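Examination of the molecular architecture
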Amino acid sequence: MLLTLPMIIEFMKYVLIAILLTQLGFGFLILLLGNTMVDFYSVSIYENPENLIQKMSNFFQKTTIGLGYFIYTKLSKFHWILKKGLLLGCLVIQAIVSILLYEIILRLLDWLFF
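Being a predicted model, the structure only gives us computed values, none of them experimental.

Residues at a pLDDT of 70 or more form 100% of the chain, whose mean pLDDT is 93. Per-element confidence in the chain ranges from a low mean pLDDT of 91 for helix α2 (residues 35–44) to a high of 95 for helix α4 (residues 80–113).

Structural data, given as structure tokens:
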């Protein structure tokens, strides 16, 4: 089977959808489960990566699920109910921005290659 440009672009679309939805899904898991998911994330990240494997692992984790953790840590100074409300608001905004980002990238790819 020969890879064609439309197949590669379709694959890129699916990868982008997967990354954006994984970010959003992990953010909602943090909203629901709180410190359990934050602890899971902090265990999976190397504080001071020493080699390329650890750096690649950190890059993968931060790219796929890091935004929810980042927002949660920024909101950690607030009371827990306010933190949950603000996190929910941030996740709604993130969902809207993800949809817009996907549409912009989709239109850009279509414009560039078709």
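This next bit is on the packing of aromatic side chains. In this structure the tally under the stated criterion is three aromatic pairs. Ring centres of phenylalanine 26 and phenylalanine 40 lie 6.4 Å apart, and the angle between their planes is 50°; on these two criteria the pair is classed as tilted. Remark: phenylalanine 40 occurs in helix α2 and phenylalanine 26 occurs in helix α1 (residues 5–33); sequence separation between them is 14 residues. A residue is classified by how much of its surface remains accessible, and phenylalanine 26, at 6% relative accessible area, is buried. A ring pair is formed by phenylalanine 26 and tyrosine 41, whose centres lie 6.3 Å apart and whose planes are at 50°; its orientation type is tilted. Within this pair, whereas phenylalanine 26 is found in helix α1, its partner tyrosine 41 is found in helix α2, the two being separated by 15 residues in sequence. In this pair, the class of phenylalanine 26 matches that of tyrosine 41, namely buried.

This part covers the pattern of salt bridges. The tally for this structure, following the rule as stated, stands at three salt bridges. Lysine 13 is paired through a salt bridge with aspartate 110; the nearest N and O atoms lie 4.0 Å apart. Of this pair, lysine 13 sits in helix α1 while aspartate 110 sits in helix α4, and the two are 97 residues apart along the sequence. Arginine 107 is the partner of glutamate 103 in a salt bridge, and the nearest nitrogen-oxygen pair spans 3.2 Å. Of the two residues, glutamate 103 and arginine 107 are both situated in helix α4; the distance of four residues between them amounts to about one turn of the helix. Using a relative accessible area of 31% as the deciding quantity, one classes glutamate 103 as partly exposed.

What counts, and where the lines are drawn
Residues numbered from 1 in each chain as written. Predicted model: local features only at pLDDT ≥ 70, side-chain atom pairs only at ≥ 80, totals over all residues. Heavy atoms only, no water. pLDDT = per-residue confidence, 0-100. Helix = DSSP H or I, 4+ residues; strand = E, 2+ residues; numbered from the N terminus. Phe/Tyr/Trp six-rings, centres within 6.5 Å; stacked < 30°, edge-to-face > 60°. Buried < 20%, exposed > 50% of the residue type's maximum accessible area, 1.4 Å probe, protein only. Salt bridge = Lys/Arg side-chain N within 4 Å of Asp/Glu carboxyl O.

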